Number of protein chains: 2
Amino acid sequence: MPGVSDFPPVSDDVLLGDLGEHAIVEHILRPRYGGVPAFGDDCALLDGSDGLRGSDLVATTDSCPTPLVTILGETDPYHTGWLLVTINVSDLAAAGATPLGLVVNYTLPKTTTAGEFRRLLDGVDDCAETHGTRIVGGDLRDGPVRQLTATAIGRCVPGGRLGRTGSEVGDRLLLVGSPGYLWAYALLAEEQARLPEPLVDEIRERACRPMAQLTAGRLLATAGLARAAMDVSDGLFPTVRTLCRANGLGAVITTDIQLDDGPADVCAQAGLGRFDLAQAWGDWTLVVAVRSDDVELARKTLAAEGVAAQEIGTFVPREAGIALDDGTPWEGIAQERFSPSSWHGGDLSRLIADVLGRQAPSGS
Amino acid sequence: MPGVSDFPPVSDDVLLGDLGEHAIVEHILRPRYGGVPAFGDDCALLDGSDGLRGSDLVATTDSCPTPLVTILGETDPYHTGWLLVTINVSDLAAAGATPLGLVVNYTLPKTTTAGEFRRLLDGVDDCAETHGTRIVGGDLRDGPVRQLTATAIGRCVPGGRLGRTGSEVGDRLLLVGSPGYLWAYALLAEEQARLPEPLVDEIRERACRPMAQLTAGRLLATAGLARAAMDVSDGLFPTVRTLCRANGLGAVITTDIQLDDGPADVCAQAGLGRFDLAQAWGDWTLVVAVRSDDVELARKTLAAEGVAAQEIGTFVPREAGIALDDGTPWEGIAQERFSPSSWHGGDLSRLIADVLGRQAPSGS
């Protein structure tokens with residue numbers, strides 16, 4: 001695992017855009033905050049939690065990018081509101097926490113209509129309610145550019161808080177949730193596949209309203225079945241890589257990933273492997289490290305709640321790196337903030353090529 | 001107090017900029033969130049707090065505007081970082097809460113230098129440490145426009161949480177903290193007054209690093225000496241008006257407000273009344289409603305901690321409106337978001353004229 005010593009100090013005149021997110025974390029943030037408990041985890045641990053009966057208090061904050069589905073023509077602000085809550089609740093899921101509420105921070109142009117604002121709030125409130133929580137407060141101000149930020153606060157059972165560390169060689173990696181819906185919908189929108197209307201509707205629904213794995217994270221944490229966890233916010237590869245780095249481990253990942261029927265059909269029509277689709281981002285799955293003896297119990301526990309989970313790999317010694325099960329090193333897609341790969345929207349065909357690793361058909 | 005019934009529904013195509021903040025709150029937010037505990041208070045109350053031993057958990061979130069001192073030539077990002085924490089901790093102060101930590105959310109252009117980022121973090125960390133807390137987590141991403149948001153989480157003693165309601169006719173209004181420093185510095189920068197260098201330095205210091213009244217808020221809340229409180233984030237008038245509306249009261253406010261020597265001297269040189277300076281924003285004072293019998297005890301309690309407090313008025317029946325002690329109605333400065341008065345920087349001379357109610361000397 002790279003430590004501070006691997007990164008010489010950078011001079012004050014270097015641009016953040018020339019450093020990239022990883023170097024910013026190692027050069028600037030880790031030296032300053034590395035001693036803060038839960039540094040690097042999806043959720044922060046609040047001070048003084050031990051004075052609150054039987055509970056670790058956690059908090060997480062994320063601002064919301066333009067949803068990919070907006071580019072796909074789904075411009076209803078509802079989806080943006082839904083996503084704003086999803087990305088924050090998903091971090092609580094990775095900590096195994098139960099939400100106590102969210103606060104929201106909206107900067108909106110004065111040209112926003114009341115109707116657009118109401119739809120945004122509908123999406124926020126519906127998603128929060130779906131996860132058994134709600135908006136308890138917030139801040140609203142005008143500004144030149146829309147900027148949406150939320151903070152979710154939650155509590156964990158004593159000793160049950162999950163972070164990114166705590167795994168060992170031999171632990172299995174469970175992918176919790178159903179991947180591939182968002183990018184299947186992108187392929188449908190690009191007409192690289194066709195499906196009957198009801199199936200398209202279902203895939204659109206899953207793409208527009210992704211479900212954070214809150215119940216799953218809490219169940220696994222409470223039952224002591226998870227050793228480490230992280231949500232898939234930027235793609236499967238960066239998630240696995242971060243877990244490997246945090247634990248000083250390598251991993252072998254299977255390419256034989258299962259998709260639900262709809263995404264699998266889209267995949268086949270578009271000439272993609274299922275793994276290509278499954279390793280993309282946008283479905284807010286969790287990667288959870290589980291002792292090999294606990295895999296079956298974990299899967300059954302989740303299945304009883306209607307949550308899909310599949311084993312996708314094994315932690316191995318660090319020296320082995322991150323490889324696929326055919327023995328080739330894995331260097332999957334990863335958007336890195338403060339780098340050219342940082343995603344802010346853009347041309348769909350090019351995006352599909354970048355993310356799914358293939359050229360869109362000419363003329364599309 | 002205006003209720004939902006006073007505001008007919010607005011159609012979806014009305015622009016937020018044509019509604020203004022107050023109407024947005026009454027038309028859109030109150031019908032949706034009015035039933036949430038602590039709606040309208042400076043801090044939100046988290047659900048399930050009663051399950052946590054002897055504590056009300058509160059949270060507040062605010063994004064940070066460009067500090068006025070930046071326009072005054074103090075361009076060090078340190079001051080922006082300091083302000084980001086101040087505005088959030090000040091809301092905890094108004095709730096009488098003790099901070100458990102803050103999470104931060106930075107959207108920064110890729111052209112930000114490492115040095116600028118470090119100075120920003122220095123200001124954030126120093127201000128948090130000054131208030132006995134720290135940054136426990138956050139989110140960092142690149143974007144076209146700098147946007148800084150923080151969320152502070154705190155706890156109150158059982159039954160000691162302060163909000164904006166709870167006051168009655170006859171309660172006195174205490175102004176906690178020392179007003180006038182920020183705008184005194186603006187007047188010095190505009191050369192409408194001159195002071196010896198050490199005094200200028202002191203005023204600059206107070207303007208650049210305002211102190212949220214965290215200790216004062218907690219002391220008054222814990223001792224049961226405060227009935228309602230709100231921080232002065234947008235000026236004294238909107239704070240008093242909001243407290244009046246929340247409690248269904250009017251107020252009589254004295255214009256005989258005390259300033260510290262430095263701001264008082266600037267005031268006199270600039271030909272302004274002390275009240276003109278004291279009613280502006282930027283010093284993160286608190287307005288606290290106190291029973292008349294408790295005023296002296298409250299002042300002594302604060303004085304023992306080195307915190308200045310002065311009585312600035314009395315709550316009266318609603319019908320009397322908000323008046324000054326000479327009997328004239330008071331309509332002070334108030335920046336309202338989503339209105340032309342919403343402040344985003346701009347020309348200093350004009351700003352001084354707008355906020356302090358006088359024209360800058362010609363030629364300045």
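Remember, it's a predicted structure, so these values are computed and weren't measured experimentally. (Residues numbered from 1 in each chain as written. Chains lettered and ligands numbered in written order. Predicted model: local features only at pLDDT ≥ 70, side-chain atom pairs only at ≥ 80, totals over all residues. Heavy atoms only, no water.)

## Here's the deal with the domain arrangement of chain A
Residue and element names in this part refer to chain A. Along its sequence, chain A is organised into domain 1 (1-31), domain 2 (42-156) and domain 3 (172-356). Each of domain 1 and domain 3 was reduced to a C-alpha centroid, and the two centroids are 28 Å apart. Taken together, the contact pairs eight residues of domain 1 with six residues of domain 3. In total, about 750 Å² of surface goes out of reach between domain 1 and domain 3, with carbon and sulfur atoms giving 52% of it. Inspection of the region where domain 1 meets domain 3 yields zero salt bridges. Where domain 1 packs against domain 3, one counts three residue pairs in polar contact (both at pLDDT 80 or more). Looking at the side of domain 1 that touches domain 3, the elements that each hand over two or more residues are α1 (16-19) and α2 (21-33). Its residues assigned to classes, the side of domain 1 that touches domain 3 shows four nonpolar, three polar and one charged. (Domains from an automatic or database assignment. Contact = heavy atoms within 4.5 Å. Buried area = accessible area lost by both parts, 1.4 Å probe. Salt bridge = Lys/Arg side-chain N within 4 Å of Asp/Glu carboxyl O. Polar contact = N/O pair within 3.5 Å; in protein donor to acceptor, adjacent residues only side chain to side chain. Helix = DSSP H or I, 4+ residues; strand = E, 2+ residues; numbered from the N terminus. Nonpolar A, V, L, I, M, F, W, Y, C, P; charged D, E, K, R; others polar.)

## A closer look at the pattern of salt bridges
Opposite charge on two side chains lets them pair, provided their charged atoms get close. Within the structure shown, the criterion is met by 46 salt bridges over all chains. Across the pair E26(A) and R30(A) runs a salt bridge whose closest N-O atoms are separated by 2.7 Å. Of the two residues, E26(A) and R30(A) both sit in helix α2, four residues apart, roughly one turn of that helix. Relative accessible area serves as the criterion here: at 4%, E26(A) is assigned to the buried category. A salt bridge links R119(A) to D122(A); its shortest N-O distance comes to 3.5 Å. Here R119(A) pairs with D122(A), and both are found in helix α5 (residues 114-130), just three residues apart, close to one helical turn. Residue D122(A) is classed as partly exposed on the basis of its relative accessible area, which comes to 23%. Three or more residues joined by partner-sharing salt bridges are found here, namely R32(A), D76(B), R119(B), D122(B) and D125(B). (Buried < 20%, exposed > 50% of the residue type's maximum accessible area, 1.4 Å probe, protein only.)

## Focus: the packing of aromatic side chains
Residues and elements named next belong to chain A. Taken as a whole and judged by the stated rule, the model has ten aromatic pairs over all chains. When the centroid spacing of 5.1 Å and the interplanar angle of 75° are considered together, the rings of F237 and W330 count as edge-to-face. Remark: W330 occurs in the loop between β11 (322-324) and α13 (348-356) and F237 occurs in helix α9 (residues 236-247); sequence separation between them is 93 residues. As far as the burial class goes, F237 and W330 line up, both buried. Through a chain of ring-to-ring contacts, the aromatic side chains of F237, F275 and W330 assemble into a single cluster. Directly above the ring of W82 sits R209, whose terminal nitrogen or CZ lies 5.0 Å from the centroid. (Phe/Tyr/Trp six-rings, centres within 6.5 Å; stacked < 30°, edge-to-face > 60°. Lys NZ or Arg CZ within 6 Å of the ring centre and 35° of its normal.)

## Observations concerning the pairing of strand β7 (residues 228-231) of chain B
Each regular strand carries side chains that alternate between the two faces of the sheet. All names here are of chain B. Side-chain alternation along β7 places A228 and M230 on one buried face and A229 and D231 on a second face that is also buried. The pairing of β7 with strand β9 (residues 286-290) spans four bridges and is antiparallel. When the sheet's bridge partners are listed, A229 is paired in β9 with V288. (Pairing = 2+ DSSP bridges.)

## A look at the UniProt feature "binding site: Mg(2+) 2" (unreviewed entry) in chain A
When the UniProt feature table is mapped onto this chain, "binding site: Mg(2+) 2" (unreviewed entry) is found at D62(A) and D91(A). These annotated residues cover 30 residues of sequence, but their C-alpha atoms sit close together, with the largest distance between any two at 9.1 Å. Looking at the element boundaries, D62(A) is found in strand β2 (residues 56-63). Take D62(A): its relative accessible area is 10%, and that puts it in the buried class. Once you skip the residues sitting within four places of it in the chain, D62(A) turns out to touch L84(A), I87(A), N88(A), D91(A), L148(A), T149(A), A150(A), N105(B), D139(B) and R141(B). Along the chain, D91(A) falls in helix α4 (residues 77-95). Overall, D91(A) belongs to the buried group, its relative accessible area being 7%. Among residues more than four places away in sequence, those in contact with D91(A) are D42(A), C43(A), T60(A), D62(A) and D231(A). A distance of 2.9 Å separates polar atoms of two side chains, one belonging to D91(A) and the other to T60(A). (UniProt positions renumbered as here; feature names shortened; annotations may be inferred.)

## Thoughts on the relation of the copies chain A and chain B
The relation between the two chain copies is a rotation about an axis coupled with a shift along that axis. Rotating chain A by 180° about the axis while translating it 0.0 Å along that axis superimposes it on chain B, leaving an RMSD of 0.0 Å. Seen this way, the second copy is the image of the first under a two-fold rotation axis. Of the interface residues in chain A, 100% have counterparts in chain B that sit at the interface too, so the contact is made through matching surfaces. (Least-squares fit on C-alpha atoms with pLDDT ≥ 70 in both.)

## Observations regarding empty space enclosed by the protein
Residues and elements named next belong to chain B. With the rule as written, the count across this model stands at two cavities of 30 Å³ or more. Volume-wise, the largest cavity comes out at about 50 Å³. L175, P179, V232, L236, A278, A280, W281, G282, D283, W284 and T285 together form the lining of the largest cavity. Classifying every residue of the lining of the largest cavity gives eight nonpolar, two polar and one charged. (1 Å grid on protein atoms, 1.4 Å probe; cavity = no way out; pocket = protein on both sides within 12 Å on 5 of 7 lines; lining within 4 Å. Points joined across faces, edges and corners; volume = space filled by probe spheres on them.)

## Focus: the confidence of the model for chain A
All names here are of chain A. Scored by pLDDT, chain A comes out at a mean of 92, with 93% of its residues at no less than 70. Residue range residues 1-5 is modelled with pLDDT below 50. Its contacts to residues more than four positions away, or to other chains, number ten contacts. Note on residues 359-364: pLDDT is under 50 here. Beyond four places in sequence and across chains, it has six contacts. (pLDDT = per-residue confidence, 0-100.)

## Some words on the side chain of D283(B)
All names here are of chain B. On the secondary structure map, D283 appears in the loop between α11 (274-278) and β9. The buried charged residue D283 lacks any salt bridge partner; its closest oppositely charged side chain belongs to R206, at an N-O distance of 6.8 Å. For D283, the side chain forms a polar contact with the main-chain nitrogen of L182, separated by 3.1 Å. Once you skip the residues sitting within four places of it in the chain, D283 turns out to touch S178, P179, G180, Y181, L182 and M211. (Lys, Arg positive; Asp, Glu negative; His and termini not counted.)

## Concerning helix α6 (residues 181-189) of chain A
Residue and element names in this part refer to chain A. Counting buried positions along α6 yields eight of nine residues, so the element is predominantly enclosed. Those residues of α6 not exposed but buried are Y181, L182, W183, A184, Y185, A186, L187 and L188. Among the structural elements, α3 (68-71), α7 (197-208), α10 (261-269), α11 (274-278) and α13 are those in contact with the buried residues of α6. Of the residues one or two after α6, E191 is the one with positive phi, at around 60°.

## Here's the deal with the packing of α6(A) against α13(A)
All names here are of chain A. Axis separation between α6 and α13 bottoms out at 11 Å; the angle between their running directions is 140°. Of the possible angle classes, the one that applies to α6 and α13 is oblique. Crossing angle aside, the handedness with which α6 passes α13 is left-handed. In this structure, α6 contributes W183, A186 and L187 to the contact, and α13 contributes L348, L351, I352, V355 and L356. Split into classes, the residues belonging to the contact of α6 with α13 amount to eight nonpolar, no polar and no charged. (Axes fitted to C-alpha atoms, helices over the stretch in contact; angles between N-to-C directions. Parallel < 35°, antiparallel > 145°, perpendicular 65-115°, else oblique. Left-handed = near helix turned anticlockwise from the far one by under 90°.)

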